[in-house]
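Report on the structure
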Amino acid sequence: MREKLLEICDRWDIELTEQVPLASHTTFHIGGAADYWAEISSEQGLAQLVQFCRETGMPYFVMGRGSNILAADEGFRGIILHIGSRFSNMEWKTPHTLKCEAGAMLIRAAKSAEEHGQTGMEGLSGIPGSIGGALFMNAGAYGYEMSQIVSSCTYLDPKGEIHMRKASQLDLGHRHSWFMDHPDCIILTVTMQLEAGDPAEITAQMQDFLQRRSDKQPLDLPSAGSTFKRPAGSYASKLIDECGLKGLTVGGAQVSEKHAGFVVNTGDATAADVLALCREVRDRVKKETGYLLEMEPVLLGDIELGA
Ligand SMILES: Cc1cc2nc3c(=O)[nH]c(=O)nc-3n(C[C@H](O)[C@H](O)[C@H](O)COP(=O)(O)OP(=O)(O)OC[C@H]3O[C@@H](n4cnc5c(N)ncnc54)[C@H](O)[C@@H]3O)c2cc1C
């Protein structure tokens, strides 16, 4: 099986590495080794690998920039299909239409929009994910959300066929997209429709949002951003703060003292520490406020939050 995998990667210009520590590829800096790590550089190569996985039963997981992932301490028995910098072209199709390969950084796309005097991405400019990951999560901040600017995307289905979907077919809601219900489908490109704006205002807005992030968020410590989704009718960070849980610690995982919505890795946190802390937070918030918090980061490997 390994020989066949090496042959496909060689033929389709896919860099393949073995025993890759996921802690080096997630912003949480947590996670054991994945058996294989494939650096995707083309749609055809990706299709070949997906077909190989289907035929051999090898499990696979698609990773963007790893900024919304908690990876298991035991790692992942299978192959990580990494959609990163080798699959990250961006092209302005019209003065207002930007088409990006899924591995392009959201930050880079927002910067390009700023340079082209296009408005619509200012609030997204500090989110450290890929365009594919951002569409998958329907990422958003400060009143901006991917749902407001995406016009269509292309994706690969598990049979290796490429399709196009319009935004209206993507079931975009709070941190939700159609792709979450179809995890076998892989986002290839995302097309966004922006509008002409005042360049000075766009720059000022972006700087303001970035400043607000660094004032309020614990950007000096590894994390996966907000640890819990916003519950209908309230805010996770507000509820956690009101329950007096800032600073609560399990092993190396801590509810940030700076922002109650973030669990941070203070140095040597394991996935088990993070999950134990999240269970404690969830249970105490439920008991004291009645709100049931749901984790936002995606769990990679054989782990779960548990009841
Ligand atoms: C400091 C910090 C601040 C953050 N601030 C915000 C914020 O303000 N708002 C916000 O919404 N998020 C925020 N996040 C979370 C995160 O950056 C976003 O969710 C981002 O969109 C995830 O993109 P990614 O490429 O890192 O995805 P990953 O973490 O790599 O993956 C997340 C999920 O998307 C799937 N996925 C990734 N790429 C593809 C693809 N091409 N096709 C199919 N599935 C794919 C993965 O399988 C996984 O299930 C923050 C994170 C950090 C660390």
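Residues numbered from 1 in each chain as written. Predicted model: local features only at pLDDT ≥ 70, side-chain atom pairs only at ≥ 80, totals over all residues.

On to the overall build of the protein, then. Helix and strand content of the protein: nine helices and 19 strands. Rg of the C-alpha trace for the protein: 20 Å, near the compact-globule value of 19 Å for 307 residues, within the 12% margin. For the C-alpha atoms alone, the extent of the protein along its principal axes is close to 55 × 50 × 30 Å. (Helix = DSSP H or I, 4+ residues; strand = E, 2+ residues; numbered from the N terminus. Rg over C-alpha atoms; globule rule 2.2 N^0.38 Å.)

Turning next to the sheet that holds strand E2 (residues 33-39). Strand order in the open sheet formed by four strands is E1-E2-E5-E3, with mixed pairing between adjacent strands. Every interior strand has two partners, whereas the edge strands, strand E1 (15-21) and strand E3 (60-63), have only one. Taken over all neighbouring pairs, the strand axes of this sheet differ in orientation by 30° on average, direction set aside. Note: E3 against strand E5 (residues 76-82), four bridges, orientation parallel. (Pairing = 2+ DSSP bridges. Axes fitted to C-alpha atoms, helices over the stretch in contact; angles between N-to-C directions.)

To continue, consider the site of the ligand. Close contacts around the ligand come from 31 residues, with Gly-64, Gly-129, Gly-132, Gly-133 and Gly-225 the closest. Contributions of two or more residues to the shell around the ligand are made by E3, helix H4 (131-137), strand E9 (140-141), strand E13 (186-193) and strand E15 (223-226). It is H4 that contributes the most residues to the shell around the ligand, five residues altogether. Broken down by class, the residue content of the shell around the ligand amounts to 18 nonpolar, 12 polar and one charged. (Near = placed C-beta within 6 Å. Nonpolar A, V, L, I, M, F, W, Y, C, P; charged D, E, K, R; others polar.)

Now for the sheet that holds strand E11 (residues 150-156). A sheet is described by the order of its strands in space; here five strands give the open sequence E6-E7-E13-E11-E12, paired in antiparallel fashion. Pairing within the sheet leaves two strands with one partner each, and these edge strands are strand E6 (90-94) and strand E12 (162-166). Adjacent strand axes in the sheet meet at a mean angle of 20° when their direction is disregarded. Direction of pairing for E11 relative to E12: antiparallel, over a ladder of five bridges. Across the sheet, the residue bridging to Cys-153 is Arg-165, located in E12. Along the sheet, helix H2 (residues 43-56) makes contact with E11, E12 and E13, crossing E11 at roughly 50°. Lying over the sheet, helix H3 (residues 106-115) contacts E6 and strand E7 (97-101), oriented at roughly 155° with respect to E7. (Contact = placed C-beta atoms within 7 Å.)

Here the focus is the domain arrangement of the protein. Assigned domains of the protein: these are domain 1 (2-85), domain 2 (88-201) and domain 3 (220-300). Here domain 1 and domain 3 have C-alpha centroids that lie 28 Å from each other. Each partner contributes residues to the interface: domain 1 has 15 residues there, and domain 3 has 15 residues. Looking at the side of domain 1 that touches domain 3 element by element, the count peaks at three residues for strand E4 (residues 69-71). Along the lines of polarity and charge, the residues of the side of domain 1 that touches domain 3 split into nine nonpolar, five polar and one charged. (Domains from an automatic or database assignment.)

We now examine the environment of Asp-283. Tracing the backbone through its elements, the reader meets Asp-283 in helix H9 (residues 271-289). Asp-283 gets classed as partly exposed once you count the C-beta atoms within 10 Å, which come to 13. Along the backbone, Asp-283 and His-116 are 167 residues apart, and their C-alpha atoms lie at a distance of 47 Å. (Buried ≥ 20, exposed ≤ 12 C-beta atoms within 10 Å, placed from the backbone.)

Here we take up the nonpolar core. Counting 85 residues, the largest nonpolar core has Ala-38, Ile-187 and Val-274 as the members making the most contacts within it. The element that contributes the greatest number of residues to this core is H9, accounting for seven residues. Those residues in contact with Ile-187, other than ones at most four positions away along the chain, are Ala-102, Gly-132, Leu-135, Phe-136, Cys-153, Tyr-155 and Phe-179. (Core = buried A, V, L, I, M, F, W, Y, C linked by C-beta atoms within 7 Å.)

A few words now on the pairing of E5. With respect to burial, E5 is a largely interior element, five of its seven residues being buried. Across five bridges, the pairing between E2 and E5 is parallel. Pairing of Trp-37 across the sheet is with Ile-80, part of E5.

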